[in-house]
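Structure at a glance
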Amino acid sequence: MLPEPDLARAAEIIARARLEGTLLGTLPGTCAPRTETEAYQLQDLVNQRLTRAGLGEIAGHKIGCTTPVMQAYLGIDEPCAGVVFAATVAHRSARMPAPTVGRLGVECEIAVQLGHTLGAEGSPYDQDSVREAVFACMPAIEVVMDRYQSYITLGAETLIADNFFNAGVVLGEPLLAWRRLDLAAVPGRLIINKTPTAFGRGADVLEHPLAALAWLANRYAAMGRPLKAGQFVCLGSLTQTQWVKRGDRIQIELDGLGRASLSIT
């Protein structure tokens, strides 16, 4: 494990880059996380700093790289998790300024709101056992930000420590009667400036969206992190990330679940 002074130094570098809007480069060798365990330990320290700096408490979670298209796109062959802060969550529709450095991307996702906590005492989980913890499902635009000098060379561990690109989420209307849907069969599309741009379906996410929720619950249980009742989880993009610019209008549509929209100003 990284010594505490090195973890603290790395956390300060990552948090400061996000808060000041500068591009994050490769961490100094002595404090760069080398394993997933170190990455999530560092993520905890980063998140404490971001909460204190005004991003608010952790409102939800995101999972990246849950589909073959995103794993191929990023060159990472397994899921990665991050958190979403309360100050970065919008509902139904939102406006977001284009960054002065880096670039914004959008993804079409299925999100779940938890009615029950998924903790270590219930693990190991599978897609059937997590089903009862889901209170509602909803469409979600995950807003991601390429805030890196080069995410390709940065390494998955540092990306995890920085909450894996997350910049915010627009959640659509919650659907309480979601159990009547076959989530694996739900088609989704991402529309930019009225032009359908990318497509996917629920089964693209680890073969079933709830399999992604089970993966996260098990990953967190191993670290002593519960997924708390009332929080939401974005389960991974059905489509490849689409990079957007000032003036773009984005909409996602998930058949049977609904839609959400975002404007870049």
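Quick look at the structure, then. Note that the coordinates shown come from a computational prediction; the quantities given were computed from them, not determined experimentally.

Strand order in this open sheet of five strands is E4-E13-E12-E8-E9, and the pairing throughout is mixed. This sheet does not close on itself; its edge strands, each paired only once, are strand E4 (93-96) and strand E9 (195-201). Neighbour-to-neighbour, the strand axes of this sheet turn through a mean angle of 15°, independent of strand direction. Strand direction decides the pairing type here: strand E8 (residues 187-192) and strand E12 (residues 249-254), joined by five bridges, are antiparallel. Paired with Arg189 across the bridge in E12 is Glu253.

So, on to the pattern of salt bridges. Per the counting criterion, the structure on display carries 13 salt bridges. A salt bridge links Arg219 to Glu36, with the shortest nitrogen-to-oxygen separation between them at 3.1 Å. With a gap of 183 residues between them, Arg219 in helix H6 (residues 209-223) and Glu36 in helix H2 (residues 36-55) connect regions that are remote in the sequence. In this structure Glu36 comes out as partly exposed when scored by relative accessible area, which is 22%.

The next point concerns the environment of Leu104. Among the secondary structure elements, Leu104 is positioned in strand E5 (residues 103-114). A sequence separation of 17 residues divides Leu104 from Ala87, and the C-alpha atoms of the two residues are 17 Å apart. Not counting chain neighbours up to four residues away, the residues in contact with Leu104 comprise Met96, Pro97, Ala98, Pro99, Val143, Val144, Met145, Gln242, Trp243, Val244 and Ile264.

Turning our eyes to something else, we now look at the pairing of strand E13 (residues 258-264). Strand direction decides the pairing type here: E4 and E13, joined by four bridges, are parallel. Each bridged residue has a counterpart across the sheet, and for Met96 the counterpart in E13 is Ile264. As paired strands, E12 and E13 are joined by six bridges and run antiparallel to one another. Each bridged residue has a counterpart across the sheet, and for Arg249 the counterpart in E13 is Ser263.

It is worth spelling out H2 at this point. Over its 20 residues, H2 extends only 24 Å from the first C-alpha to the last, a length that falls short of the 28 Å expected when each residue adds 1.5 Å. Taken together, the buried residues of H2 touch helix H1 (4-20), strand E1 (58-64), strand E2 (80-85), helix H5 (156-161) and H6. Just past H2, the residue Gly56 takes up positive phi, approximately 90°.

Taking 1.5 Å of rise per residue, the 15 residues of H6 would be expected to cover 21 Å, and the 22 Å separating its terminal C-alpha atoms lies within 8% of that figure. Judged by how many residues are buried, H6 sits mostly within the fold: eleven of 15 residues are covered. Within the span of H6, buried status applies to Pro209, Leu210, Ala211, Ala212, Leu213, Ala214, Leu216, Ala217, Arg219, Tyr220 and Ala221. In this structure, the buried side of H6 is in contact with H2, E1, E2, E5, strand E6 (134-146) and strand E10 (232-237). Looking one or two residues past H6, Gly224 carries a phi angle of roughly 75°, positive in sign.

Moving on: the nonpolar core. Generally speaking, a soluble globular protein has its nonpolar side chains buried in company with each other. Of all hydrophobic cores here, the largest spans 83 residues; its most connected members are Leu213 and Leu262. Broken down by element, the residue count for this core peaks at seven residues, all from H6. Beyond its immediate stretch of four places on either side in the chain, Leu213 contacts Ile63, Val112, Leu114, Leu118, Val130, Val134, Leu227, Val233 and Leu235.

To continue, consider the packing of H2 against H6. In contact at an axis separation of 12 Å, H2 and H6 are set at 85° when each is read in the N-to-C sense. Between H2 and H6, the interaxial angle falls into the category roughly perpendicular. Mapping the contact onto sequence places Glu36, Thr37 and Tyr40 in H2 and Trp215, Arg219 and Met223 in H6. Partitioned by chemical class, the residues of the contact of H2 with H6 number three nonpolar, one polar and two charged.

Basis of the calculations
- Residues numbered from 1 in each chain as written.
- Predicted model: local features only at pLDDT ≥ 70, side-chain atom pairs only at ≥ 80, totals over all residues.
- Heavy atoms only, no water.
- Pairing = 2+ DSSP bridges.
- Helix = DSSP H or I, 4+ residues; strand = E, 2+ residues; numbered from the N terminus.
- Axes fitted to C-alpha atoms, helices over the stretch in contact; angles between N-to-C directions.
- Salt bridge = Lys/Arg side-chain N within 4 Å of Asp/Glu carboxyl O.
- Buried < 20%, exposed > 50% of the residue type's maximum accessible area, 1.4 Å probe, protein only.
- Contact = heavy atoms within 4.5 Å.
- Expected span 1.5 Å × (residues − 1).
- Core = buried A, V, L, I, M, F, W, Y, C linked by side-chain atoms within 4.5 Å.
- Parallel < 35°, antiparallel > 145°, perpendicular 65-115°, else oblique.
- Nonpolar A, V, L, I, M, F, W, Y, C, P; charged D, E, K, R; others polar.

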